[in-house]
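Below, each chain spelled out in residue letters.
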Amino acid sequence: MSDNHYDVIIIGTGAGGGTLAYRLAPSGKRILLLERGGYVPREKANWDSHAVVVEGRYHIKEPWRDKDGREFHAGAHYNVGGNTKFYGAALLRMRKEDFGQVRHHGGISPPWPIRYEDLEPYYTEAEHLYQVHGLRGSDPTEPPASAPYRHPPISHEPRIQAMFDGFVRQGHRPFPIPIGLMLDEQDPRTSRCIRCDTCDGFPCLVQAKADAQVICVDPALAQPNVTLVTDAFVSRLETSPSGREITAVHVERNGVPETYSGNVVVVSCGAINSAALLLRSASDRHPRGLANGSDVVGRHYMCHLNTMFLALSRHPNPTRLNKTLGLNDFYFATKDWDYPMGHISLVGGIDANVLRAGAPRLVPGMTLEVMAKHAVPFWMTSEDLPDAKNRVTVDQDGTIRLTYASNNDEAHSRLAAKLKGLLKHIECEEHHLIPLQAYVPGRIPLAGVAHQNGTVRFGTDPRTSALDVHCKAHDLDNLYVVDASFFPSSSAVNPALTIMANALRVGDHLRERLS
């Protein structure tokens with residue numbers, strides 16, 4: 001059994017678990033990483049839109065259920081690096097105001113138990129670690145930062161530059177989106193990134209995307225004290241008779257049960273699976289599930305209000321890397337509306353296979369192939385608000401059930417109207433701004449779980465939160481959670497950088513605890 005005992009066990013290797021492993025690796029402590037999947041195979045299919053999008057080659061195979069018991073297949077991934085292997089690498093900080101109480105049309109977004117200033121040094125460190133390209137001061141809503149980006153913003157290709165200039169002419173303030181790519185535009189010959197059109201939503205065949213595997217897990221494994229076990233499904237966590245500490249981590253690996261133990265156990269499976277693991281681990285001492293004395297585990301699930309739109313015009317869009325432009329002019333209240341609306345940016349390359357999967361209504365005279373060549377794909381994000389009825393549960397047969405009803409929808413509708421109005425003036429006729437119809441009415445569906453968060457919230461009151469400010473469970477002495485589960489609110493930016501920064505913060509706390 002001693003061979004299976006570690007100082008720290010980290011369950012999950014994505015933005016939270018992978019970054020935490022990187023932080024703890026130099027400590028010399030014996031660290032075990034448990035990953036449900038394996039490495040994403042490096043193969044030509046990595047960049048094949050039919051394989052990735054239409055076939056869902058790398059998606060999880062297990063079905064989940066919606067609130068009515070209907071099965072669906074989520075756009076999630078079990079692999080080393082977690083969902084960062086497939087993310088678009090947009091790495092934005094939450095706004096300073098997001099850490100306080102924010103009044104929305106749909107209700108109140110609650111304050112965080114830490115301040116922006118507490119996380120700021122770790123945001124800077126995470127930006128440097130994940131090689132983020134950006135430009136300080138270009139985003140008018142950007143919070144204060146203690147250091148510049150180390151890498152210059154990625155340039156706009158001509159069609160995107162024309163969109164950028166069109167926004168500026170209308171008095172708006174677009175900015176280069178902060179993005180984690182290993183791109184050297186000054187020396188393309190030696191640049192690891194080749195600026196391809198299969199980045200956002202695809203694994204990087206040349207490992208030039210700043211994902212958790214490449215940036216954190218692989219370097220951590222270079223240390224002799226760090227071990228990775230793949231294809232390891234953690235079925236349950238067992239506690240001592242007192243219920244105050246995790247004493248066993250039960251794993252199913254290739255159909256064979258294994259057991260590990262650790263002085264500290266960190267859960268980082270993604271907000272849905274982390275909640276499910278804690279709920280599956282119910283016992284006499286923890287009848288509602290681990291860390292769930294407050295009955296909040298699994299509740300307050302958030303995923304953002306996300307919509308992808310295609311802006312079509314007579315002008316072709318030969319751009320390889322669309323995702324270089326952002327617009328936050330509607331992130332907060334505006335002169336004509338007293339509430340926040342959200343964030344606008346672009347998404348990665350769109351081809352006929354991607355459109356076929358989304359099945360947009362055809363524009364007269366345009367085939368899918370022609371549409372793809374003329375499309376500029378926009379992404380809109382609005383904040384959804386925590387609601388205890390939006391939750392993750394586990395059915396008796398072990399299947400995950402996801403119950404979710406959107407809220408704050410008026411903000412998202414107004415954001416869409418703003419975008420339509422802007423594009424009318426830059427050669428994208430309004431009636432040709434069309435949602436992908438698989439996402440009726442343009443909204444990313446329940447299966448779109450990339451921005452999952454909120455299910456194991458942190459706070460100072462054990463009656464209303466599962467974790468303390470260090471992301472340790474109130475009810476247990478050696479259990480931590482470091483994925484986006486800890487979010488008490490979702491803001492309206494991609495959660496990845498906040499997960500990474502928080503993992504570095506918790507890593508410093510754990511290094512002090514273990515020293």
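It should be noted that the structure appears before, not after, this text.
Residues numbered from 1 in each chain as written. Predicted model: local features only at pLDDT ≥ 70, side-chain atom pairs only at ≥ 80, totals over all residues. Heavy atoms only, no water.

1. A closer look at the overall build of the chain
Okay, so step 1: Along the backbone of the chain there are 10 helices and 21 strands.
Okay, so step 2: For 515 residues, the compact-globule formula gives about 24 Å, and the C-alpha radius of gyration of the chain, at 22 Å, lands near that figure.
Okay, so step 3: Once the C-alpha set of the chain is aligned to its principal axes, its extents read approximately 70 × 50 × 45 Å.
Okay, so step 4: Out of the 515 residues belonging to the chain, those deemed buried represent 61%.
Okay, so step 5: As displayed, the chain offers around 19,700 Å² of accessible surface, 51% of which is attributable to carbon and sulfur atoms.
Okay, so step 6: In the chain, 54 positive and 57 negative side-chain charges are present, and the distance between their average locations comes to 2 Å. (Helix = DSSP H or I, 4+ residues; strand = E, 2+ residues; numbered from the N terminus. Rg over C-alpha atoms; globule rule 2.2 N^0.38 Å. Buried < 20%, exposed > 50% of the residue type's maximum accessible area, 1.4 Å probe, protein only. Areas by Shrake-Rupley, 256 points an atom, 1.4 Å probe, with all protein chains shown as cover. Lys, Arg positive; Asp, Glu negative; His and termini not counted. Charge placed at Lys NZ, Arg CZ, Asp CG, Glu CD.)

2. Things to note about the nonpolar core
Okay, so step 1: Ranked by internal contacts, the top residues of the largest apolar core, which has 116 residues, are I11, L34, Y130, L237, V249 and L479.
Okay, so step 2: No other element matches the 10 residues that helix α10 (residues 496–514) contributes to this core.
Okay, so step 3: For Y130, the contacting residues outside a window of four places in its chain are A15, T19, Y87, L91, G180, A210, D211, A212, I215, C216 and M500.
Okay, so step 4: Within the second largest apolar cluster, 24 residues are counted, among which are M163, L327, I344 and V376. (Core = buried A, V, L, I, M, F, W, Y, C linked by side-chain atoms within 4.5 Å. Contact = heavy atoms within 4.5 Å.)

3. Describing the packing of helix α3 (residues 116–129) against α10
Okay, so step 1: Orientation of α3 relative to α10, taken along the N-to-C sense of each, is 110°, at an axis distance of 8 Å. Classed by the angle they form, the pair α3 and α10 counts as roughly perpendicular. For the crossing formed where α3 meets α10, the hand is right-handed. Where α3 approaches α10, its residues D118, L119, Y122, Y123, E125, A126 and E127 are matched on the opposing element by L497, T498, M500, A501, N502, L504, R505 and D508. (Axes fitted to C-alpha atoms, helices over the stretch in contact; angles between N-to-C directions. Parallel < 35°, antiparallel > 145°, perpendicular 65-115°, else oblique. Left-handed = near helix turned anticlockwise from the far one by under 90°.)

4. Comments concerning the packing of helix α1 (residues 17–24) against α10
Okay, so step 1: One way to put it is that α1 packs onto α10 with a least axis distance of 8 Å and a crossing angle of 40°. It follows that α1 is oblique to α10 by the angle criterion. In the packing of α1 onto α10, the handedness of the crossing is right-handed. Every residue of α10 that contacts α1 at T19, L20, R23 and L24 is listed here: M500, A503, L504, V506, G507, D508, L510 and R511.

5. A short note on α3
Okay, so step 1: Relative to the 20 Å expected for 14 residues at 1.5 Å per residue, α3 spans 19 Å between its end C-alpha atoms, a close match to the ideal helical length.
Okay, so step 2: Maximum bend of α3: about 25°, positioned at Y122.
Okay, so step 3: Most of α3 is tucked away: 10 of the 14 residues are buried.
Okay, so step 4: After α3 finishes, the residue Q131 shows a positive phi value of roughly 50°. (Expected span 1.5 Å × (residues − 1). Bend = angle between axes of the 7 residues up to and from the residue.)

6. Considering the pattern of salt bridges
Okay, so step 1: All chains considered together, the criterion is met by 29 salt bridges.
Okay, so step 2: A single salt-bridge network, built from bridges that share partners, covers R93, E120, E127, R136 and E142. (Salt bridge = Lys/Arg side-chain N within 4 Å of Asp/Glu carboxyl O.)

7. Brief notes about unusual backbone geometry
Okay, so step 1: Positioned with a positive phi, Q131 is a non-glycine residue whose angle comes to about 50°.
Okay, so step 2: Within the secondary structure, Q131 is located in the loop between α3 and β7 (132–133).
Okay, so step 3: Residue classification places Q131 among the partly exposed positions, given a relative accessible area of 25%.
Okay, so step 4: Despite not being glycine, Q207 shows a phi value in the positive range, around 55°.
Okay, so step 5: One can find Q207 in the loop between β9 (179–180) and α5 (212–221).

8. With respect to the pairing of strand β19 (residues 400–403)
Okay, so step 1: Across four bridges, the pairing between strand β18 (residues 391–394) and β19 is antiparallel. Within β19, the residue paired with R391 across the bridge is T403.
Okay, so step 2: Connecting β18 to the antiparallel partner β19 that follows it, the hairpin turn spans five residues, and G398 within it adopts a positive phi of roughly 90°. (Pairing = 2+ DSSP bridges.)

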